[in-house]
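# Fold and geometry: a report
The chain contents come next:
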Amino acid sequence: MHRLTQLISQDMKPALGVTEPGAIAFAVATAKSKTNGEVQEVSLRLNSGMYKNAFTCGIPGSSHVGNTFAAALGAAGANAEKGLECLDGITPEQHRAAEELVNAGKVHVSMSEVTSRIYIEAKVTTAEGYAEVIIQNAHTNITRIRVNGEVVFQQETESANDGEEAETPVIHQCTLQQLVEYAESVPLEEISFIEQAYEVNLALFEEGVSNPRTTFAPFLLAENGGERISADEEKTANLLCNAAIEARVIGLNRPAMSITGSGAHGIIATMPLYAAYRVQGYSKEQLLRATALSYLVCMYIKEYSGKLSAFCGCAIAAGTGMAVALCWLRGGDLAAMERVICNMASSITGMICDGGNQGCTMKGIAAVGVAYTSVKMAMQGVSIQSIHGINGATPEDTMRFMGQIASPGMIGTEATIMDILQEKQSAQ
């Protein structure tokens, strides 16, 4: 198996609801599974990105939002064995138990530091003891479990303190040309698993257009002439993509297929491509190869920006990946794809992330619009020249600069967003 296939396969995972509440519930549920007795207290410390993304995020199977209730559900009934889908199957009794924990003031959430690196520290205290779980760098990557003060599990984490430079990530060892060559030449059976992303994301889309809780989805359906698939590719893309995003962020009970740890990234990286496939009649093979390219460009940018930062990786990283893949589907050559990246870099880079919430739908709408315009221009030789702004001399440089705008570039923005959210919380 090609190393890029392995990279996609390892990264592509189903996630129920926005990934951050799922990760929080998973951490707490894991801690709870190591203890016995009635829960007396749940304490949670989160890095800024985790805190922000779950702040007002919808939770599957619940009318409640936010990191506090996600933690309570983790203690009251989440199944840690299901990973990011741990909130699937929560019963009404468990939901009420979570409400009682929150109302009794037994769940405490605080922020650890402003950083784009994932950090969750969950502690569950019961009448018989306590357990602590630490997750770092990836949403389900447990690095330490401690029970009643004794470390029962520990693994080393990446460290910059050992005097050695970190190995260049696999994705950054490739050029855009190599990513394209891989997408075009990898045996089809090797990437056939990608089709699962469409099965999962289309089911989420259907939930979005049929559920009475959504507001953007029916509007976008009407804009598309009341049809799920119309002759208008861009309107179809807008509908498929953003009805699924809305369903996810308000907490409807269907998973998304995530990439780079994010369901919205996975949706934007795939659903507009499905619209192109259906409207233009591309083959299933073309769809899967385009999706592989979309994922890889997204991963290239995200590896620089960090998993959770102050910029909207869904629109910027996944949107750029999707735009490059659209260009490829339309027969664009490498130069055209480079122009697409320049157009995307010079337009939406810097769009803020203020958490996983209904605003993600508007950001998705913006991403689809800019992607389609960027591709249309690039296919006609129109793009921002590389001498301007944050565009680089190579597409690899441009993608690196896009990522660096987020981290370290927007650390101050992240701190300001956190100040705003905490002010809102204190005013409640």
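Residues numbered from 1 in each chain as written. Predicted model: local features only at pLDDT ≥ 70, side-chain atom pairs only at ≥ 80, totals over all residues. Heavy atoms only, no water.

## Observations concerning the overall build of the protein
For clarity, the cut-off: Helix and strand labels come from DSSP, where a helix needs a run of H or I of at least four residues and a strand needs a run of E of at least two; each type is numbered from the N terminus. Taken over C-alpha atoms, the radius of gyration is set against a globule rule of 2.2 Å times the number of residues to the power 0.38. Each residue is assigned to one of three classes by its accessible area relative to the maximum for its type, calculated with a 1.4 Å probe on protein chains only: buried under 20%, partly exposed between the two thresholds, exposed over 50%. The contact rule is simple, with two residues in contact once any of their heavy atoms fall within 4.5 Å. Every accessible area reported is derived by Shrake-Rupley at a probe size of 1.4 Å, with residue values counting cover from the shown protein chains alone. Lys and Arg are tallied as positive, Asp and Glu as negative. Neither His nor the chain termini are counted. Charge positions are represented by NZ for Lys, CZ for Arg, CG for Asp and CD for Glu.
Helix and strand content of the protein: 16 helices and 8 strands. For 428 residues, the compact-globule estimate of 2.2 N^0.38 gives 22 Å, and the protein sits close to it at 21 Å. Relative to its full complement of 428 residues, the protein shows a buried share of 54%. In the protein, 76% of the contacts between residues at least 6 apart in sequence involve partners at least 24 apart. About 17000 Å² of surface is accessible on the protein, with carbon and sulfur atoms providing 47% of the total. Charge centroids of the protein, computed over 29 positive and 45 negative side chains, lie 4 Å from each other.

## Overview of empty space enclosed by the protein
Operational definition: Throughout, the protein atoms alone are placed on a 1 Å grid, and a set of points is a cavity if a 1.4 Å probe fits but cannot get out or a pocket if it is open with protein on both sides within 12 Å along at least five of seven lines; lining residues have an atom within 4 Å of a point. Grid points are joined across faces, edges and corners, and a volume is the space filled by probe spheres set on the points. Residues were grouped as follows: Ala, Val, Leu, Ile, Met, Phe, Trp, Tyr, Cys and Pro as nonpolar; Asp, Glu, Lys and Arg as charged; and all remaining residues, including Gly, as polar.
Applying the stated criterion across every chain yields a total of 3 cavities of 30 Å³ or more. Empty space within the largest cavity amounts to approximately 230 Å³. Among the elements of the structure, helix H2 (19-33), helix H3 (48-53), helix H10 (263-280), helix H12 (313-329) and helix H14 (359-379) are those that each provide at least two residues to the lining of the largest cavity. In this structure, the second largest cavity encloses a volume near 50 Å³. Lining the second largest cavity, in full, are Val114, Thr115, Ser116, Leu308, Ser309, Ala310, Ala406, Met410, Ile411 and Glu414. Residues of the lining of the second largest cavity, tallied by class, amount to 6 nonpolar, 3 polar and 1 charged.

## A look at the nonpolar core
Note the threshold: Note on terminology: a nonpolar core comprises buried Ala, Val, Leu, Ile, Met, Phe, Trp, Tyr and Cys residues joined through side-chain atoms within 4.5 Å.
Counting residues in each nonpolar core, the largest one holds 144 residues, and the members touching the most others are Leu179, Ile194, Leu273 and Leu293. The element best represented in this core is H12, accounting for 13 residues.

## What to know about the environment of Arg289
Which entries qualify depends on this criterion: Polar contact criterion, stated in full: a pair of N or O atoms within 3.5 Å, where within protein one must be able to donate a hydrogen and the other to accept it, and residues adjacent in sequence count only if both atoms are side-chain atoms.
Position of Arg289 among the secondary structure elements: in helix H11 (residues 284-305). When residues no more than four places from it in sequence are discounted, the contact partners of Arg289 are Ala183, Glu184, Ser185, Val186, Pro187, Leu188, Ile191 and Trp328. Polar side-chain contacts of Arg289 include one of 2.9 Å to the side chain of Glu285.

## Let's talk about unusual backbone geometry
A cis amide bond, omega 15 degrees, links Ser407 with the succeeding residue Pro408. Mapped onto the secondary structure, Pro408 falls in the loop between helix H15 (395-406) and helix H16 (411-427). Residues other than glycine seldom take positive phi values, yet Asn148 does so here, at roughly 50 degrees. Structurally, Asn148 can be placed in the loop between strand E6 (142-147) and strand E7 (150-154).

## Some points on the sheet that holds E6
Operational definition: Each pair of strands is called paired provided DSSP finds at least two bridges between the two strands. To obtain each axis, a line is fitted to C-alpha atoms, and for helices this fit is confined to the stretch in contact; angles are then taken between N-to-C directions over 0 to 180 degrees.
Spatially, 6 strands are ordered E3-E2-E4-E5-E6-E7 in an open sheet, and the strand pairing comes out mixed. Either end of the sheet is taken by a strand with one partner, and the two such strands are strand E3 (107-111) and E7. For this sheet, the mean inter-axis angle between neighbouring strands, taken without regard to orientation, is 15 degrees. With 4 bridges joining them, E6 and E7 adopt antiparallel strand pairing. Note on E7: the bridge partner recorded for Ile145 is Phe153. Where helix H4 (residues 67-76) meets the sheet, its contacts fall on strand E2 (39-46) and E3, and the angle it forms with E2 comes to roughly 135 degrees.

## A look at H15
Where we set the bar: To estimate the expected span of a helix, subtract one from its residue number and multiply by 1.5 Å. Here the arc refers to the directions that run from the helix axis out to each C-beta atom.
Its 12 residues give H15 an end-to-end C-alpha distance of 17 Å, which sits within 8% of 16 Å, the value for a rise of 1.5 Å per residue. Every buried residue of H15 is accounted for by Pro395, Glu396, Thr398, Met399, Met402, Gly403 and Ala406. Mapping the buried residues of H15 onto a view down its axis gives an arc of 165 degrees, with all of them on the same face. Along its buried surface, H15 packs onto helix H6 (176-185), H11, H12, helix H13 (334-345) and H16.

## Looking at the packing of aromatic side chains
Threshold: Note on aromatic pairs: the rings of Phe, Tyr and Trp (six-membered ring only in Trp) are paired at centre separations within 6.5 Å, and the planes decide the class, stacked below 30 degrees, edge-to-face beyond 60, tilted for the rest.
Inspection of the entire model under this criterion finds 4 aromatic pairs. By way of ring pairs, the aromatic residues Tyr198, Tyr274 and Tyr277 are connected into one cluster.

## Some words on the side chain of His172
Relative to the elements of secondary structure, His172 occurs in the loop between E7 and H6. Under the relative-accessibility criterion, His172 is labelled buried at 13%.

## Let's talk about the confidence of the model for the protein
Defined as follows: The pLDDT value tells you how sure the predictor is about a given residue, anywhere from 0 up to 100.
Mean pLDDT for the protein: 94, with 98% of residues reaching 70 or above. Below pLDDT 50 for its whole length, residues 159-164 participates in 0 contacts with residues either more than four positions away or in separate chains.

## A look at the state of the cysteines
Here, the word disulfide means a covalent bond between the sulfur atoms of two cysteines. Heads up, the rule is: The definition used for a disulfide is geometric: two cysteine sulfur atoms within 2.5 Å.
What the rule picks out here adds up to 0 disulfides. No disulfide involves Cys360; its nearest neighbouring cysteine sulfur is the one of Cys314, lying 5.7 Å away.

## A look at the layout of surface pockets
When its volume is computed, the second largest pocket comes out at roughly 220 Å³. Taken together, 13 residues make up the lining of the second largest pocket; nearest its centre are Val65, Gly66, Thr68, Gln425 and Gln428. By residue class, the composition of the lining of the second largest pocket is 4 nonpolar, 8 polar and 1 charged.

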